[in-house]
Structure formats: structure tokens, C-alpha cells
Amino acid sequence: MASSERSALLTYRLCGGSGDEERSREHGRGRADAAAPRKLPTFLGVVVPTLLSMFSVVLFLRLGFVVGHAGLYQALAMFAVAYFIIGMTVLSVCAIATNGALDAGGAYYMISRALGPEFGGSIGIMFFLANVCGSALYVLGLVEAVVDSFGIPPGQTAGIGIHVLPQSYWYELLYGTVLLALCLLVCLVGASIYAKATFLIFLIVAGVLGTVLVSFFATRPIGVPIRLPRFNSSENGSFTGFSLATLRGNLDGGYGVDYTTGQMMSFSSVFAVMFNGCTGIMAGSNMSGDLKRPSYSIPRGTISAVLFTYLIYNLLAFLMCATCDRTLLQKDYGFLRDISIFPPLVTVGIYAATLSAAMSNLIGASRILYALARDDLFGRALALAKKTSASGNPVMAVILSWLVVQLVLFSGKLNTIAGVVTTFFLLVYATVNLACLALEWASAPNFRPTFRYFTWHTCLLGIAGCCVMMFLISPVSASASLGFLLLLLLALHYLSPSSTWGYISQALIFHQVRKYLLMLDVRKDHVKFWRPQMLLMVQNPRGSTRLIDFVNDLKKSGLYVLGHIELQDLDALPSDPLQPQQDSWLSLVDKLNVKAFVSLTLAPSVRHGVRQLLFTSGLGGMRPNTLVLGFYDDAVPQDGLAQHPAFTSTREEVPLGFPPLRASAAPKLLSPREYVGIVADALKMLRNVLLARQLESLDKAWELRRAASPPPSIHVWPVNLLRPDSARYADTCSLFLLQMACVLNMARAWRRARLHLFLCVEAGTMPHAQEEKLRQLLKDLRIQAQIHLVPWDAVTRLHWQSRQGPPGGPAEEEEEEAVNFPANTTQVTDEYICAANRLVLEQSPVPAVRFLYLPRPPADINLYPLYLHQLELLTRGLGPTVLVHGVSAVTSTQL
């Protein structure tokens, strides 16, 4: 059973992970596991460390302090709130711990494998600091107990009897250093000797606890003299035995001054001290790398220890309130020794419990630091912590943790760091609940823990309880901790290497996207909320980088899909050839910083492939409504990928596996007829079409960086130049063309650009009336553009002259051929098209890009080559040009 958790079948590890890096890491860890086999059972590995960590200082040195200041009612309320918070957290810990094989690192391992490296690494550091401060807190508590027993009384220069230890800040720091060195020696030996030591201490603490319980019943009423070193005075407290009057006097709160720090106590400050008795719930989880069966031991051991400590705390609180007056409880932290039937045993118990808790936190901190170093989240900063002994004990992590604890000891007093320790632990517990909540909300099929006694409600309650108590205890510490956590998150997000653990954010995003896609009803579409959703066909990204970037500006928060077709037959292949290419395309999207999806397909021809992508790309209400193609001409493609800034820095290579560009003499993958057929297919499928020519010559960076005067311009020609007898500006296609130019102008990179709208006018057509009508249309559509009147009588005259001639002459033959064209297209001569081209080219200022009207292809497929030839003549030498044909209404004048 124990070996099953380390089997090859359980490579999932909480949230999964694969790849060569993870396998090599697991191989290295396997060697470490072989050197340090898992030995600890549930009782020794989880129950004993958890009990000792939760009892420790609070049980023997601070429980009377809590009850004396807060009273019985508020003390029981504090226990209820604290154990409610840790109870919710324990449920989350148990759920995560039973969802796969655990490794070293405890809570850090759980959170990092559930929430990803950013959250895992930052919370790992916070949990490391919490354990470090906790260890220092327990050492200071032990120093306090030692000085109380053996310290020279205030006002005396020489010791009397056993009271021989000098008392001062530096002497107490020395005592703490010596005790911490003892903890270091035990932890350096390893987890096995630590477990044996803690079991021995557990027996001592259990005996002391039994003695204390008996003492409440067996000890007669006595007066207890109390020394107050800070105030150089003394008072008398009373142990009354069971007394109703004493109980009534201790029911309500009576907050006073803490005699060690001189600070006035309140509910939040007393709760901060009391909560340290609840922060040991992770002691067993921290030993996850040393447990025989962590997924079995952690839930059972932790829950058992938590329930037992809750009962003991409540029982002792009642006994103290019923037998001790408030003065004794508030001003004598070691009063349990004074009322015990065997005082030396209580002293030994205090020393043993606090020493064990200090060791538990020290070894827990070292295991977390070792796990952080092994995962390489902080690079070389923690490289030293990876070193282990021959038996697999992370000795350097132990030494580094010891050094940090030694620094914390300079704070001097237990109550001084109690609030910081509590805040750190509450933050870690909140994140553990967050990890479990995220896994539950993500609804991933592989999240099926064997521990089922939790819901998302318990996780949410745990998070809320932790956050509320953090700010109630110390708003400053809570804010500082959250700020530090945020800085760690940002640093790890930008600096840490990518991991193969899996990211819960991806699962949550998938869950939410699926839900909202189902809510996106295409039947509720309205023209007011139309946005372009682009499918850009890319043969080879090496020659299309600027086009990819340009279409990214055109999408206006809409869907953007990069489509690619491989001309192969899957039946003749052993496997799918597209899967190896997927990573290259996704890396391309990342490097070019475009917000696009990638859709690859196999097809016998390019035309069939485009049909497939038009039919299948997208999901639900997010499907491409616009097809973008590069122009079909004889231009030799240029490798823009090798010149792109993302691939030309000294640190970057070009690892993308794209083939070289087509040589100028090499045949094309599709014919002119097939190319025009793709345009016709898209229009039949009610998709808008954009044909982009010479976009690779568009240097957007240069255009937008040049002097502000004049700003870059965008030329818009909303008239069908291939049909001069239908100069309309308000048809669907013209409005779509105008909308696309406006969308480009709305993109952040193009906001400085100015739209220039060209109105072609003929003599005798009332041009000013047409201009005013167009100006009103632009006003209604909220489009800012400068209108230019362009006389084109000389151009149209060429067209009409070509249609006149002797009967049976060339003009009449052209008229007969024009019958094969659709009604919205008229056959025009090359001379006319060249004149129209010159007319467009002569307009100033020189634009960054031009938008022209794209006529619908002819119905006769035999005329496809002629149609493409006319488009080539029309756009020749114009620079970056986009031919646009729209089939859907996209503008609205309504609110």
C-alpha cells in the first residue's frame, strides 16, 4: 500500500505534469527517495508533531493569560472562531492531500501543484517565514520559562539558590541562541531522530497534562506571590479551588496591561497570542516527504490532533476560570507550576513542549525551503538549499532556516512577534482554502480526492474567516503581508521559468469560458454590438508577420484565428503531422504578442482547407465572420520573421519550426482560379472578405513614430472602381469598408492616424449635395473623417469610350462577353483600370494604408483569371492596400 503512492501510475501529483524536465526532476527525486526512504507512520509523523505544535507555549504559558484577560465567555468564543478557521482549513488540506501522491514541502507542495508556480512560490516563502517566526516564538517562550524558573529576581545583583541566571535583553538573546543551537543539532541529524525525540517529548507532555488536570482537583487553596520584573513590584494571586464566586468573576472580559510588554490588551491582541496554539495543524503536512503514506496519514492524524486539542483547551479554560482569580491568570504566566502537585514536572513539560514546537517549526521551515530550492522557482538564490546529506536530509536548508530564526530572535519578546506569526499563518491557511476552492470550482475530472467531507462553502468560509481575523488582529501586518505576497507573485510571474505542474487558472478559465459560451446566443446578435471576427489564412508565417500584426489591430476585441492548411492525406500518414507544429504556432503567437487562436487542418487542396476552417473554426457565438487573405501576385515573399524584433535580440534564437519561404521560381500551391474560388466560397457562406496586398511593406512602427505633423493617414475609397456606373456610398459593402477603416483607427496604435474619405464626382451631378449627404452619414455613424471631392470624369470617359464603336466591332464583342459577369460587375478595359489606379495613387497625403472596394467575383469561373488580373492592375504600386467586400450590416445609428 505504501509503495503505491510512489508508483509510476501516480505521476499526476495533485494537478499533473509531464515533459522531459519533469521526468528528469522526478528521476533525481527518485534517487533522493531511495537514499531517504519514507519511514514515519501516522501517529509519529502526524499526530505527535501536530499535538506538540498546537500545545506548546499557549497550553502551558499563555492559556491563563488568554482566559484572564478575555474571560471564559470570550475565551470560548476565541477557541470557537480559531478552530472554525483551522477546521475549514483542515478539511481543505485533507482534500488536497488525498488527491494524489504528496512529496516534501507540505502546504507549499499542495499549493504550488494546485495553483501553479506563482502562487506556490510566493506562499511557500510566506509559509517558510511563518515557520521561522513560529520557531523563534517558541524559543522565546522557552527562554521566558527558563528565566522565570532560574533567573535572578529583579533588584538583586547576585543569585540565590537556583536563581542564578542574569536577566537582560542580551542575556536572554544568548539563552535563546543556545536553545536554538540545540534544536539545530537535532534537526541536522534528520527526521528519524526528530520523530523519536518528539515521541519522547510527547510522553512527557502527556504526563504533565495529566498532572495539571489532577492538580486542579487535588491542590488546596493557596496564595501565589507574583514577581513583576518590568515594574519592579510584586502582587499576590490566589488559587481558590473550585469556587462559584471565582467562576462568576472570570466569566466576563477584563483586559489589562501585559506585564511583559507594558501594552494594553484587547480582544484582537489576545486572540493573536491564543491563535498561535492553533497554528500547528501543518506540522504533520510539513513532514509529507517523510511519511509512509501521506495521503492516508495527513487527514486522519491532523483531524484527530485538532479535535483532541480543542477539547483540552476548552476543558482547561473552564478549570482555570473556576479555580484561579484574575490576578493570578493575568500576571503569572507560569502559574500552572505554582499550583501543581509536582511543580518540577510542569517545568519539564513546559521546556519539552516549547522545545519540540521550536524544532517542529524549524524542521518544517527547512523542508519548505528545500522544496522551493528543488523546484528552481528562485533560480540561483536558493541553490545552496538543495544540498543534502548522504541520508537525504537537507542539511543546508536546515542551516539557512536556523540563521533566519536567529535573526528573528532579536525581536526579544514572545508577544511582540505573536501577531506577525499569526498573520503569516492565517495568510497561508487562506491560500490553502483558496487552492481547494479553485480545484473544486474548476470541476476538473482528475480532482477526485478520497476525502469528501468538504464543499466549496467550507473553503469560502475558511478564506473569509482567515482574512477577517488577519485584519482584526493587525491591519498593518496584514496589509504588509499581502503587499509582500503581491510583490512575490509579480516577481515569480515575470522571472520564474515555466513549469509542467499545471495551472489551475487554465482550468478555471476553461470552466468559465465554456459557461459563457453557452450563454452567448447567436439569435440575440444585434448590429449595434457587431465586431469583426477574423480568420487570417497564413501559408508561411515567415512572410506574413506584418500582416498578422495588422489584422490583430483590425479585430477590435473580436475573435482572431490564424488558419493554416497542410496539403496531405491523413490516410497515407502514420500519424497527425499537425500536432508537432502546434507548439511552433502557439510560440509564434506569444512572440508576436497578438491575441489570436491557431487552427490547423489537413486538406487535399487549399480551397477545401479554407472551406473546412470557415465551417469549423470557432465555437458557439464566436465564429469567424471575416476571411482575410494575402493577395495573389508574383511578388517574391520576404522573411519578416528573421527581422522581427522578438526574434532578433541576442538572447533569442528562432526555434520555430517553419519551413523556408517559397523561392521565386517555385510553383505556387494554388492557381488563380482556385484563389478567386476561395473568395467566392466565402461570400456564398456570408463571410466578409479582405484581400491584403503589400502589407509586408507596412512599417507600422515607423509610420506611428514619425513627426506628429502630419499624422499618418488612412485613405478610404468606398466606391466600386471597377463599375464606374454605380458610384454608391451607402450600400452594405461600402459601409462595411468604412467600418473596417474606422475600426483600424480605433486601435490604440492607430489613434493618431486620420481618416480621409474620397468621394468620386462627375460634372453635372451636384457634388456638394453628395458631399453633404455623405457628411451627414458620417455624423450619424459617429465617424470622424475628412472628405475629399475627386473629379473622375477623365477616368470614366475612358470606360464609356471603350463601350462605343462600329457595329460588330470590339466594343460590341466586349458587351457580349460582359453578359457572363454578374449584374453588379461590368467588364472594363485595362486602360480604364490603369487610369483609376493613377487617380488613387495621386491623392495626397501619402497614406499608411488604403482601403478599396472589392467587387464580387463573376459567376462564370472562366472569368476568374480576368477578375484577378483587374484587381492586380487596380492595386499595382499603391503600397499597403486592403480590398474589402462586406456582406453583413455592421453599422447602426441607434443607441
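Since we're looking at a predicted model, the values are computed, not measured. All residue numbers refer to positions counted from 1 along the written sequence of the respective chain. Local features in this predicted model are restricted to residues whose pLDDT is 70 or higher, and side-chain atom pairs enter the listing and the counts only when it is 80 or higher, whereas totals over whole chains, interfaces and linings include all residues. Excluding hydrogens and water, the side-chain values take into account all heavy atoms of the structure.

A few points about the pairing of strand S12 (residues 881-885)
Move 1: Each residue's exposure class comes from its accessible area (1.4 Å probe, protein chains only) as a fraction of the maximum for that residue type: buried when under 20%, exposed when over 50%, partly exposed otherwise. Only DSSP runs of H or I reaching four residues or more are called helices, and only runs of E reaching two or more are called strands; each is numbered from the N terminus. Of all five residues in S12, five are buried; the element is thus mostly enclosed.
Move 2: A two-sided burial pattern is seen for S12, the buried positions comprising Thr881, Leu883 and His885 on one face and Val882 and Val884 on the other.
Move 3: Strand pairing follows a simple DSSP-based rule, namely that at least 2 bridges must link the two strands. Alignment of strand S7 (residues 688-693) against S12, held across five bridges, turns out to be antiparallel. The residue bridging valine 689 from the neighbouring strand is histidine 885, located in S12.
Move 4: Pairing geometry for strand S11 (residues 849-853) and S12, over four bridges, is parallel. When the sheet's bridge partners are listed, tyrosine 853 is paired in S12 with valine 884.
Move 5: Handedness of a crossover is defined as follows: orient the strands so they point away from the viewer, and if the path from the first strand over the helix to the second runs clockwise, the crossover is right-handed. In this fold, the crossover linking S11 to S12 by way of helix H30 (residues 864-875) has right-handed handedness.

Quick word on the sheet that holds strand S9 (residues 754-761)
Move 1: Overall, mixed pairing links the ten strands, which are arranged S5-S4-S3-S6-S7-S12-S11-S8-S9-S10 in an open sheet. A strand with exactly one partner marks an edge of an open sheet, and here the two such strands are strand S5 (597-602) and strand S10 (786-791). The sheet shows a mean angle of 25° between the axes of neighbouring strands, direction not considered.
Move 2: Sheet analysis places strand S8 (residues 713-717) next to S9, joined by four bridges and oriented parallel. Paired with serine 713 across the two strands is arginine 754, which belongs to S9.
Move 3: In what follows, residue pairs with any heavy atoms lying within 4.5 Å of each other are defined as contacts. Axis geometry follows a simple rule: fit a line to the C-alpha atoms, using only the stretch in contact for helices, then measure angles between N-to-C directions, giving values from 0 to 180 degrees. Contacting strand S3 (534-537), strand S4 (560-566), S5 and strand S6 (626-630), helix H21 (residues 606-616) runs over the sheet at an angle of about 145° to S4.
Move 4: Across the sheet, helix H23 (residues 672-684) is in contact with S6, S7 and S12; its angle to S6 comes to roughly 170°.

A word on the packing of aromatic side chains
Move 1: Side-chain rings of Phe, Tyr and Trp, where Trp is taken by its six-membered ring, are said to pair if the distance between their centres is within 6.5 Å; with planes under 30 degrees apart they count as stacked, over 60 as edge-to-face, and otherwise as tilted. Summed over the entire model, instances satisfying the criterion amount to 20 aromatic pairs.
Move 2: Relative to phenylalanine 199, the ring of phenylalanine 43 lies with its centre 6.4 Å away and its plane at 75°, an arrangement referred to as edge-to-face. One end of the pair, phenylalanine 43, is in helix H2 (residues 42-97); the other, phenylalanine 199, is in helix H6 (residues 191-218), with 156 residues separating them in the sequence.
Move 3: Given a relative accessible area of 32%, phenylalanine 199 falls into the partly exposed group.

Notes on the nonpolar core
Move 1: Residues Leu59, Ile86, Phe216, Leu336 and Tyr429 are the most contacted members of the largest nonpolar core, which totals 168 residues.
Move 2: Sort the elements by how many residues they give to this core and H2 lands first, with 32 residues.
Move 3: The contact partners of leucine 59, leaving out residues within four places of it in the chain, are Leu209, Ile312, Tyr313, Leu316 and Leu336. The criterion is simple. A nonpolar core is a set of buried Ala, Val, Leu, Ile, Met, Phe, Trp, Tyr and Cys residues joined through side-chain atoms within 4.5 Å.

A closer look at the packing of helix H4 (residues 117-150) against helix H5 (residues 169-189)
Move 1: Running from amino to carboxyl end, H4 crosses H5 at an angle of 120°, the nearest separation of the two axes being 9 Å. Of the possible angle classes, the one that applies to H4 and H5 is oblique. When the axes of H4 and H5 are compared, the crossing they make is right-handed. In this structure, H4 contributes Ser135, Val139, Leu142, Val143 and Val147 to the contact, and H5 contributes Glu172, Tyr175, Gly176, Leu179 and Leu180.
Move 2: Here the contact of H4 with H5 is built from residues that sort into seven nonpolar, two polar and one charged. In these notes the angle categories are as follows: under 35 degrees is roughly parallel, over 145 is roughly antiparallel, 65 to 115 is roughly perpendicular, and the rest is oblique. Should the near helix be turned counterclockwise from the far one by less than a right angle, the crossing is left-handed, whereas a clockwise turn marks it as right-handed. We call Asp, Glu, Lys and Arg charged. Ala, Val, Leu, Ile, Met, Phe, Trp, Tyr, Cys and Pro are nonpolar, and the rest, Gly among them, are polar.

So, unusual backbone geometry
Move 1: That bond from serine 844 to proline 845 is cis: its omega, 0°, falls within 30 degrees of zero.
Move 2: By the secondary structure assignment, proline 845 is in the loop between helix H29 (830-842) and S11.
Move 3: The residue glutamine 694 is not glycine, and still its phi comes out positive at about 60°.

As for a positive patch on the surface
Move 1: Here a patch means residues that are over 30% exposed by relative accessible area and free of salt bridges, tied together within 9 Å if like-charged and within 5 Å if nonpolar (Val, Leu, Ile, Met, Phe, Trp, Tyr). Areas reported as accessible are Shrake-Rupley estimates using a 1.4 Å probe. Residue values count occlusion only from the protein chains shown. Definition used for salt bridges: Asp or Glu carboxyl oxygen within 4 Å of a side-chain nitrogen of Lys or Arg. In this tally, Lys and Arg are treated as positive and Asp and Glu as negative; His is ignored, and so are the chain termini. By convention, charge coordinates are those of NZ in Lys, CZ in Arg, CG in Asp, or CD in Glu. On the surface, Arg531, Lys556, Lys595, Arg748 and Arg751 cluster together into a patch of positive charge.
Move 2: By secondary structure assignment, the location of lysine 556 is in the loop between helix H19 (545-554) and S4.
Move 3: By relative accessible area, which is 35% here, lysine 556 ends up partly exposed.

Focus on the confidence of the model for the chain
Move 1: Scored from 0 to 100, pLDDT records how confident the predictor is in each individual residue. Mean pLDDT over the chain works out to 81, with 85% of the residues at or above the 70 mark.
Move 2: Low pLDDT, under 50, characterises residues 1-36; the predicted model gives this stretch 61 contacts beyond four residues in sequence or across chains.
Move 3: Note that residues 805-826 has pLDDT below 50 and, in this model, 33 contacts with residues that lie over four places away or in other chains.

Some remarks on H29
Move 1: Given a helix with a known number of residues, its expected span is that number minus one, times 1.5 Å. For H29, which comprises 13 residues, the first-to-last C-alpha distance of 18 Å matches the rise-based estimate of 18 Å (1.5 Å per residue) to within 8%.
Move 2: All of the buried residues along H29 are Tyr832, Ile833, Ala835, Ala836, Asn837, Leu839 and Val840.

Concerning the pairing of S5
Move 1: Judged by how many residues are buried, S5 sits mostly within the fold: five of six residues are covered.
Move 2: With six bridges connecting them, S4 and S5 associate as parallel partners. Counted as the bridge partner of glutamate 566 is leucine 602 from S5.
Move 3: Running through helix H20 (residues 579-592), the crossover from S4 to the neighbouring parallel element S5 is right-handed.

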